[in-house]
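Each chain is listed here by its residues.
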Amino acid sequence: MASSFRCLIFLLFSLCFLFFISESQTTFKPTKLVLTVQKDRATNLHVANIQKRTPPLKLPFVIDLNGRFLWVNCENQYSSSTYNAPLCHSTQCSKADSHYCHKCPTTARPGCHNNTCGLMAVNPFTNQAAMGELAQDALLLPSTQGFNPGPMVRIPQFLFSCAPSRLLQKGFPKNVQGVVGLGHAPISLPVQLASHFGFQQKFAMCLASSGGNNGVIFFGQGPYFMLPGIDVSRPVSYTPLTISQQGEYYIDVKSIKINNKIVPLNSSLLTPTKRGLGRVKISTTTPYTILEHSIYYSLSKVFVDQLKGVPQVKPVTPFGTCFDSKRIGNTKMGPSVPNVDLVMQNVVWRIYGSNSMVQARPDVMCLGFVDGGVRPRDSIVIGAMQLEDNLLQFDIGSSRLGFSSSLLSRRTKCSNFNFTSIP
Ligand SMILES: *[C@@H]1O[C@H](CO)[C@@H](O)[C@H](O)[C@H]1NC(C)=O
Ligand SMILES: *[C@@H]1O[C@H](CO)[C@@H](O)[C@H](O)[C@H]1NC(C)=O
Ligand SMILES: *[C@@H]1O[C@H](CO)[C@@H](O)[C@H](O)[C@H]1NC(C)=O
């Protein structure tokens, strides 16, 4: 009896101690966090290694700017002492907007319990969907002062969807175990981080342009620095940011110019919807900008006219407009080609050669835009290649997007963040 009492006291002490350790980790209040994102060589998609679970495990996730939450393959030896699946109709389920009660016919494991809530996970490349289980587990991210990755912080009960492995079958870079959603949705990564740490609804993305190189995503308020000590958070130009019901990010582009020549377009394709949503979506899951067919056709024509004296060559898929690259010079802003300007209210997003031209083969350089066919859902989807080496600040509270235009003009780039951690 006495020994079991002593045992109980000891247990309570250990519990208190454990509690103390986990608390002291979270009481440190960071002002911003940073996620390192690598450009995958084979797919040109951007992948972040994120630490989750207890003990922590680093797993690669594809970045989906418009994704609604984080989902992970739970059928690959998920082992964690802090996994927990909230019961259906709980507050966590309503927070995640999940009203479906999940059933699982086999033996219990992460992703498979009875009476938890279901959360539909989607493969952003195929739009294939599968039911996952809403779950909570620890997530760890480095804090930062804007210069280097700093001490790690832990979110003990991060909400995500625990999904079946078949969702990873198509479109993903090798070894990737899920998707991290940055959309404006109740349990997306930026929304959960902002509410957990009490910082503003603001994040900034700076994607690397070379395969194998790292870029960064910052959560929280600037400044953000790239070597050699350049604050890339300003100056930036601001344009209104509109958000769809699904939490996707849109901007309002009024016209397109190439070398100051207006690209003739059917203006109804760029007129905002009745709900006031812009017609141009920003995406990280499309490697190259996709244009509605008539926009693609008109833009290519003006571009070819303006790139005088450079012969066209047989196109290389998925591109439709390619040139003999021996005849294209180089500048500090990349290949010497006409600039493509996205003209918005009061501001211009200038796309230089480094963001418009793709060396598709030796001696073949292609215009890095893709024909999206007729009647696509969005008139323009600005893809990852056009975002690289630009800092984009998603300022949700003020409904605006801040963009730096190419950082090459400021003699830095997204892979110039100082990735050396200061523990
Ligand atoms: C869920 O309930 C069914 C029917 O009661 C049972 O056969 C099954 O094993 C349960 N699943 C889990 C994961 O407990
Ligand atoms: C412009 O686009 C709209 C909607 O896509 C279409 O209904 C209309 O016929 C087009 N106008 C012209 C002149 O092509
Ligand atoms: C990067 O940061 C580390 C740690 O603060 C510092 O020692 C190093 O000099 C920095 N690198 C450069 C190139 O400034």
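Rules used throughout
Residues numbered from 1 in each chain as written. Chains lettered and ligands numbered in written order. Predicted model: local features only at pLDDT ≥ 70, side-chain atom pairs only at ≥ 80, totals over all residues. Heavy atoms only, no water. Disulfide = S-S within 2.5 Å. Helix = DSSP H or I, 4+ residues; strand = E, 2+ residues; numbered from the N terminus. Buried < 20%, exposed > 50% of the residue type's maximum accessible area, 1.4 Å probe, protein only. Domains from an automatic or database assignment. Contact = heavy atoms within 4.5 Å. Buried area = accessible area lost by both parts, 1.4 Å probe. Salt bridge = Lys/Arg side-chain N within 4 Å of Asp/Glu carboxyl O. pLDDT = per-residue confidence, 0-100. Expected span 1.5 Å × (residues − 1). Near = heavy atom within 4 Å. Polar contact = N/O pair within 3.5 Å; in protein donor to acceptor, adjacent residues only side chain to side chain. Areas by Shrake-Rupley, 256 points an atom, 1.4 Å probe, with all protein chains shown as cover. Nonpolar A, V, L, I, M, F, W, Y, C, P; charged D, E, K, R; others polar. Pairing = 2+ DSSP bridges. Axes fitted to C-alpha atoms, helices over the stretch in contact; angles between N-to-C directions. 1 Å grid on protein atoms, 1.4 Å probe; cavity = no way out; pocket = protein on both sides within 12 Å on 5 of 7 lines; lining within 4 Å. Points joined across faces, edges and corners; volume = space filled by probe spheres on them. Phe/Tyr/Trp six-rings, centres within 6.5 Å; stacked < 30°, edge-to-face > 60°. Lys NZ or Arg CZ within 6 Å of the ring centre and 35° of its normal. Core = buried A, V, L, I, M, F, W, Y, C linked by side-chain atoms within 4.5 Å.

Participant: What exactly am I supposed to notice about the state of the cysteines here?
Facilitator: Note on terminology: a disulfide is the covalent bond linking the sulfur atoms of two cysteines. The full count for this structure, using the stated rule, is six disulfides. A sulfur-sulfur separation of 2.1 Å characterises the disulfide bridge that pairs C93 with C117. An S-S torsion of about -90° defines the bridge between C93 and C117 as left-handed. Residue C93 is located in helix α2 (residues 91–95), and its partner C117 is located in strand β6 (residues 116–122); the two are separated by 24 residues in the primary sequence. On the basis of relative accessibility, which here comes to 1%, the residue C93 falls in the buried class. Linked covalently through their sulfurs, C104 and C112 form a disulfide whose S-S length is 1.9 Å. Residues C104 and C112 share a disulfide whose torsion about the S-S bond is about -100°; that sign makes it left-handed. Taking relative accessible area as the criterion, C104 reaches 15% and is therefore assigned buried. Numbered in order of appearance, the disulfide-bonded cysteines of the chain are paired 1-8, 2-4, 3-7, 5-6, 9-12, 10-11.

Participant: What is the right way to look at the domain arrangement of the chain in this model?
Facilitator: Interfaces are often sized by the amount of accessible area the parts lose when they come together. When the domains of the chain are assigned, the result is domain 1 (30–220) and domain 2 (225–416). Of the residues lining the interface, 32 residues belong to domain 1; the matching set on domain 2 comes to 30 residues. Together, the buried faces of domain 1 and domain 2 total about 2600 Å²; carbon and sulfur atoms form 58% of this surface. Linking domain 1 with domain 2 are two salt bridges.

Participant: It is not clear to me how the confidence of the model for the chain should be interpreted in this structure. Could you clarify?
Facilitator: Low pLDDT means the predicted coordinates in that region are not meant to be read closely. Looking at the chain, pLDDT values average 94 and 94% of them are 70 or higher. Ignoring residues within four places in sequence, the model shows residues 7–13, a span with pLDDT below 50, making zero contacts including any to other chains. The low-confidence segment residues 15–26 (pLDDT under 50) makes four contacts with residues lying over four places distant or belonging to another chain.

Participant: Would you mind going over helix α4 (residues 293–306) with me for this structure?
Facilitator: The periodicity of an α-helix, 3.6 residues per turn, causes residues three or four positions apart to be oriented the same way. Here α4 contains 14 residues, and its C-alpha end-to-end distance of 20 Å stays within 8% of the 20 Å for a straight helix at 1.5 Å per residue. Along α4, the positions that sit buried rather than exposed are I295, Y296, S298, L299, S300, V302, F303 and Q306.

Participant: Help me understand the site of ligand 3, please; the structure alone is not making it clear to me.
Facilitator: Taken together, N148, L227, N418 and I422 make up all the residues around ligand 3. One of the side-chain nitrogen or oxygen atoms of N148 is found 3.0 Å away from an oxygen atom of ligand 3. For ligand 3, whose unbound accessible area comes to 360 Å², protein coverage reaches 38%. Considered class by class, the residues forming the shell around ligand 3 number two nonpolar, two polar and no charged.

Participant: Please explain the sheet that holds strand β20 (residues 312–313) as it appears in this structure.
Facilitator: Working definition: the strands of a sheet are paired by backbone hydrogen bonds and lie parallel or antiparallel to each other. Overall, antiparallel pairing links the four strands, which are arranged β20-β21-β27-β26 in an open sheet. Across the chains shown, the open sheet's two edge strands, defined by having one partner strand only, are β20 and β26 (357–361). Taken strand by strand, α4 contacts β20, β21 (322–324), β26 and β27 (364–367), and its axis lies near 130° from that of β27.

Participant: When you look at the layout of surface pockets in this model, what are you seeing that I'm missing?
Facilitator: One simple way to see leftover space: roll a probe sized like a water molecule over the atoms. Here the largest pocket defines a volume of roughly 760 Å³. As for the largest pocket, its lining consists of 25 residues, of which D64, P124, N127, E248 and K281 are closest to the centre. In terms of residue class, the lining of the largest pocket is built from 11 nonpolar, eight polar and six charged. Mapping the lining of the largest pocket onto the domain boundaries places at least three of its residues in each of domain 1 (30–220) and domain 2 (225–416). In this structure, the second largest pocket spans a volume of roughly 540 Å³. Lining the second largest pocket are 28 residues; nearest its centre among them are T36, V47, N49, K58 and N214. Mapped by element, the contributors of at least two residues to the lining of the second largest pocket are β1 (33–39), β2 (46–52), β3 (57–64), β7 (129–144) and β8 (149–163).

Participant: Help me out: how do you make sense of the packing of aromatic side chains in this one?
Facilitator: The description of an aromatic ring pair uses the distance of the two centres, along with the angle that the planes make with each other. Overall, the coordinates contain 15 aromatic pairs when judged by the stated rule. Ring centres of Y78 and Y83 lie 5.2 Å apart, and the angle between their planes is 75°; this geometry places the pair in the edge-to-face category. Exposure class is identical for Y78 and Y83. Each is buried. What links up through ring pairs into an aromatic cluster is the set F203, F219, Y249 and F394. The ring of Y238 carries the charged tip of R400 above its face, separated from the ring centre by 3.6 Å.

Participant: Would you explain empty space enclosed by the protein in this entry?
Facilitator: Using the criterion set out here, one finds two cavities of 30 Å³ or more in the structure. Here the largest cavity is characterised by a volume of approximately 60 Å³. Around the largest cavity sit I256, T289, L291, L299, L342, I351, F369, I380 and I382, which together line it. Of all the secondary structure elements, the ones that give two or more residues to the lining of the largest cavity are β19 (289–291) and β29 (380–382). The space that makes up the second largest cavity amounts to roughly 30 Å³.

Participant: Whenever I open this one, the site of ligand 1 confuses me. Can you help?
Facilitator: The immediate surroundings of ligand 1 are formed by C104, P105, T106, T107, A108, C112 and N114. Between N114 and ligand 1, the recorded distance is 2.3 Å, taken from a side-chain N or O atom to an oxygen atom.

Participant: Quick question: what am I supposed to make of the environment of E292 here?
Facilitator: Looking at the element boundaries, E292 is found in the loop between β19 and α4. In this structure E292 touches L269, D371, G373, V374, P376 and S379, once residues within four positions along its chain are discounted. A distance of 2.6 Å separates the side chain of E292 from the side chain of S294, its partner in a polar contact.

Participant: What is the right way to look at the nonpolar core in this model?
Facilitator: A general tendency of soluble globular proteins is for nonpolar side chains to be buried together. Within the largest apolar cluster, 75 residues are counted, with the highest numbers of intra-cluster contacts made by F219, I251, W349 and F394. Residue assignment places this core across two domains, with domain 1 (30–220) and domain 2 (225–416) each supplying three or more. Each residue touching I251, except ones within four places of it in the same chain, is listed here: T239, P240, L241, G278, R279, V280, I282, M344, W349, I382 and L401. If you look at the next biggest cluster of nonpolar residues, it comprises 20 residues, including F69, C93, C117 and A163.

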